[in-house]
Amino acid sequence: MAHKGVQLDLETFSCSICLDLLKDPVTIPCGHNYCMNCIKSHWDGEDEKRIHSCPQCRQTFTPRPVLVKNTMLADLVEELKKTGLQAAPADHCYAGPEDVACDVCTGRKLKALKSCLVCLVSYCEKHLQPHFESSAFEKHKLMEPSKKLQENIRSRHDEVMKMFSCIDQQNDTVSAAAERTERQRELEVSRLNIQQRIQDREKDVKELQQEVEAINSSADKAVEDSEKIFTELIRLMEKRRSDVKQQVRSQQETEVSRVKDLQEKLEQEITELKRKDAELEKLSHTEDHNQFLQNYPSLSRLSQSTDSSSINIRPLRYFEDVTAAVSELREKLKNLLSEKWTISLMDVDVLLSNSQLEPKTRAGFLKYACEITLDPNTVHTDLLLSEGNRKVTVMSESQSYSSHPGRFTFWSQVLSKESLTGRCYWEVECRGGGGYIAVAYKSISRVGTSNKCGFGNNNKSWALNCYQNRYNFWHKNVRNPVTDHRTSRVGVYLDHSAGILSFYSVSETMTLLHRVQTKFTRPLYAGLGLDLCYVETAEFCKLK
């Protein structure tokens, strides 16, 4: 029981990064503890993202938290070291009666870290390393340590021995070698089926991993872009706040100056009136009648009084209209942000759900059928449009089309007139030696011989190429071979918001030729490209 308590302490006071006792322990905002150097090194690797996370719970922190040594935890670790905590790991690494032991270790065996379903052997951490370092083990399957590996081997061995014992007892004429040959053949078939299933599952796992990476990349980009946008909004609000403050202060200065000018005039008038009143009072006490009559006219005249109408008093209401206007703006912004955020979350929910709803049958695809026509202003001069601009044919002579900046001048290609967004489905019937069924951004180059113009040879187009009944998918001038399915009709499914583009062989059933999972940033246009070396046609089929 004492040993078990020490082991609990070891796990409690160990760093989950270096798996050793905490050194200079620090506690990050989510509450988990690490060695100071370990978490620093971990965050140094995340500095480029400017978002720092906890290795255990994955909670993120922006900006990078300031680390301070947890002195209480450091003291506890030091005390536990004195009680023999460091001696625990040695015994803990060895296998006990209830543990799975390493089959390779000699002497006292260490605990097994993994069991291999191919080797049928359990390995400790040291002896497991060749499975990670050597390509010879890359197809081996590792699982959690299991005691049942050897039991399964013995069980199968016993069944085989019983079977041959039964054969001997019945004096069966089939020899053990012949029986082995038959069973070996069945075994090989089973192994081929298993290996095919393994390849299928590994492909599925790889696709799911790519989806995880795409989700993480998209989320990181969304967070980064949102931060920039909100920062810009905050900067605009700060500027508007500064402008309002400056305008109020300027108006304040003007109004105060006006009032003080009036105040100064009134104070001067008061002073003048008081002086005049004093002179008149003195005159009133003059006993000499002649002197009184002589001075009275000049003293009795008063200067013009300040016009009281210029004194415009607005008690306590000078800038209340500014406060009201700013308050109204605040309420509008609150309502706008709340409304837009709700819509944004709904859009995300719709996007996530739509990505899982790709149809499985042709009837399901036809629900999203769209009518596509070709744009005469984009068609190469060696191609002829017909059937209401749904069909394109290679011609032996150049056609007399008018000059247009949207026309392909070298590549024998043509784009649709309609832009494609949302969920769309269309089918193309091809006749002849080879051609391209594509989607592209409108900004794809049209003039010249460079790869910037060719479908599938750049980052602005995606194309399925059919050449003598062999398919290849092209994007960014990279070729991806496609399983051979001989068919003249190809169905194309686009889920623009989910970033899905799928090509199907259309017959009695829908057979997937190739699927793309990406992020489309602009509307797409359907495209057709034909090989001028062959007499061939391509046509958008009528589906409605």
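Cut-offs used in this document
Residues numbered from 1 in each chain as written. Predicted model: local features only at pLDDT ≥ 70, side-chain atom pairs only at ≥ 80, totals over all residues. Heavy atoms only, no water. Phe/Tyr/Trp six-rings, centres within 6.5 Å; stacked < 30°, edge-to-face > 60°. Helix = DSSP H or I, 4+ residues; strand = E, 2+ residues; numbered from the N terminus. Buried < 20%, exposed > 50% of the residue type's maximum accessible area, 1.4 Å probe, protein only. Lys NZ or Arg CZ within 6 Å of the ring centre and 35° of its normal. Pairing = 2+ DSSP bridges.

The chain appears in an unreviewed UniProt entry as E3 ubiquitin/ISG15 ligase TRIM25 from Larimichthys crocea.

### What to know about the packing of aromatic side chains
Counted according to the given criterion, the structure contains 11 aromatic pairs. Judged by centre distance (5.4 Å) and plane angle (70°), the ring pair of Phe365 and Tyr493 falls under edge-to-face. Of this pair, Phe365 sits in helix α10 (residues 362–366) while Tyr493 sits in strand β16 (residues 489–495), and the two are 128 residues apart along the sequence. Of the two residues, Phe365 and Tyr493, both sit in the buried class. With a centroid separation of 5.8 Å and an interplanar angle of 80°, the aromatic rings of Phe408 and Phe455 are classed as edge-to-face. Of this pair, Phe408 sits in the loop between β9 (391–394) and β10 (413–420) while Phe455 sits in the loop between β12 (434–441) and β13 (461–467), and the two are 47 residues apart along the sequence. A relative accessible area of 1% places Phe408 in the buried class. Connected via pairs of aromatic rings, a cluster forms that spans Phe365, Tyr368, Tyr425, Tyr493 and Tyr504. Arg446 extends its terminal NZ or CZ atom over the ring of Phe408, reaching a point 5.4 Å from the ring centre.

### Description of the pairing of β9
Where a strand is regular, its side chains alternate between the two sheet faces. Examined bridge by bridge, strand β8 (residues 383–386) and β9 share 4 bridges and lie antiparallel to one another. Bridge pairing links Leu385 to Val392 in β9. The hairpin turn running from β8 into β9, its antiparallel successor, is 4 residues long, and Glu387 in that turn takes a positive phi close to 50°.

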